[in-house]
Amino acid sequence: MSDYIVRGTAANDQIRFFASTTRELVEHARKLHNSSPVMTAALGRLLTAGGMMGCMLKGSKDTLTLQIKGDGPARGMTVVADASANVKGYSIEPQVILPANAQGKLDVGGALGKGTLSVIKDMGLKEPYSGQVDLQTGEVGDDLTYYFAVSEQIPSSVGLGVLMNKDNTVACAGGFIIQLMPFATDEAINTLEANLSQVHSVTNLLRAGLTPEQMIQHILKGLDPEFSDTLPTAYVCGCSRDKVERMLISLGKKELQSIIDDDKDITVNCEFCGKNYTFMPDEIRALKEKAQRD
Ligand code: ZN
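Remember, it's a predicted structure, so these values are computed and weren't measured experimentally.

Criteria and thresholds
Residues numbered from 1 in each chain as written. Predicted model: local features only at pLDDT ≥ 70, side-chain atom pairs only at ≥ 80, totals over all residues. Heavy atoms only, no water. Donors = N, O, S within 2.8 Å, 3.2 Å for Na, K, Ca; no water. Tetrahedral: all angles 85-135°; square planar, octahedral: opposite > 155°, others 65-115°. Buried < 20%, exposed > 50% of the residue type's maximum accessible area, 1.4 Å probe, protein only. Helix = DSSP H or I, 4+ residues; strand = E, 2+ residues; numbered from the N terminus. Pairing = 2+ DSSP bridges. Expected span 1.5 Å × (residues − 1). Arc of directions from axis to C-beta. Axes fitted to C-alpha atoms, helices over the stretch in contact; angles between N-to-C directions. Contact = heavy atoms within 4.5 Å.

Trainee: Help me out: how do you make sense of the coordination of the zinc ion in this one?
Mentor: Six octahedral donors around a metal ideally subtend angles of 90 or 180 degrees, whereas four tetrahedral donors ideally subtend 109.5 degrees. Coordination sphere of the zinc ion, protein contribution only: C237 (SG), C239 (SG), C270 (SG) and C273 (SG), at 2.2 to 2.3 Å. Taken together, the four donor atoms surrounding the zinc ion define angles of 103 to 117 degrees at the centre, an arrangement classified as tetrahedral.

Following this line, the structure appears as structure tokens:
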């Protein structure tokens, strides 16, 4: 089964929801970055959220960047998503190994430590929208819940989970984002809160084999969820030699001249997919001709 996101509304549009299954893309990221279990879970949660938040973007060319910086051994991670729920990401230290936390779970909060979560939305305007909050627990879901409340003033519940197999491959991954609209009634809010208090962790729902649709039926019981669409979500890098060339040109003539002066091939590595792009001094010279600024 490949990864997908469902979205819709409940309680006569007082609630909007997203839920997803992301095992394939999280396993793809694990292989790509050869990440440890705790870092597979950490990045997997952020990638899962990225897909759902990508769906919230208004313009088809808009992009979203989620960035966590922390003082823990993982130091941080970055996820980029587009409006078609294509996601990519990397962590600074993908091989961190930590003992399980007090609940016997992968210690994502311990790996990230204290720090900040930034959400940057590039909507093709001069200045991208950006919001930043302090990490609450570093467990990612809690931090995004806090971000939505503080930066976007949307009361939300974000649940994200990655469950590993004994051989350290990804068994299942997924999550949900439930949001209250400003006109939500106390009745709808109370029902939702009662339902959410029964959901101890997304991992439990995933372990029980629930699909995104079943997860929503469970969380929005009594609130008449209506599914509007199903969208694929996948790990897509989209880097190319052409894009790397444009990035090099943007460095400017001076910077490119200093690379030429070194008289060596340079290799640009894509952090998102590991692909290498090598340029010979003559090629850099040609790029320098195209550079606009010094
Ligand atoms: Zn790439």
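Trainee: Mind showing me how you'd approach the pairing of strand β13 (residues 276–279) here?
Mentor: Because side chains alternate across β13, one face comprises the buried residues Y277 and F279, and the other comprises N276 and T278, none of which is buried. Taken together, the four bridges between strand β12 (residues 266–269) and β13 define a ladder with antiparallel strand orientation. Paired with V268 across the strands is Y277, a residue of β13. Linking two consecutive strands that pair antiparallel, namely β12 and β13, is a turn of six residues; a positive phi of about 85 degrees is found at G274 within it.

Trainee: Any chance you could explain helix α5 (residues 186–198) here in plain terms?
Mentor: What sets the pattern is the α-helix's 3.6 residues per turn: residues three or four places apart point alike. Helix length check: α5 (13 residues) gives 19 Å between terminal C-alpha atoms against 18 Å at 1.5 Å per residue, within 8%. Of the positions making up α5, those classed as buried are A188, L192, N195 and L196. The buried residues of α5 occupy one face: seen down the axis, they fall within an arc of 100 degrees. Of the exposed residues in α5, the ones pointing more than 90 degrees away from its buried face are D186, E187 and Q198.

Trainee: Would you explain the sheet that holds strand β2 (residues 15–21) in this entry?
Mentor: Picture the strands of a sheet paired through backbone hydrogen bonds; they go either parallel or antiparallel. Taking strand neighbours across the sheet as the criterion, the five strands line up as β8-β9-β2-β1-β10 in an open arrangement whose pairing is antiparallel. At either end of the open sheet lies a strand with only one pairing partner, and these are β8 (156–164) and β10 (226–232). Neighbour-to-neighbour, the strand axes of the sheet open up by a mean angle of 10 degrees, direction not taken into account. Bridge count for strand β1 (residues 4–10) against β10 is six bridges, and the pairing is antiparallel. Looking at β10, one finds that Y4 is bridged to P232. The strands touched by helix α2 (residues 37–54) within the sheet are β1, β2, β8 and β9 (170–180), with β8 carrying the most contacts at an inclination of about 140 degrees.

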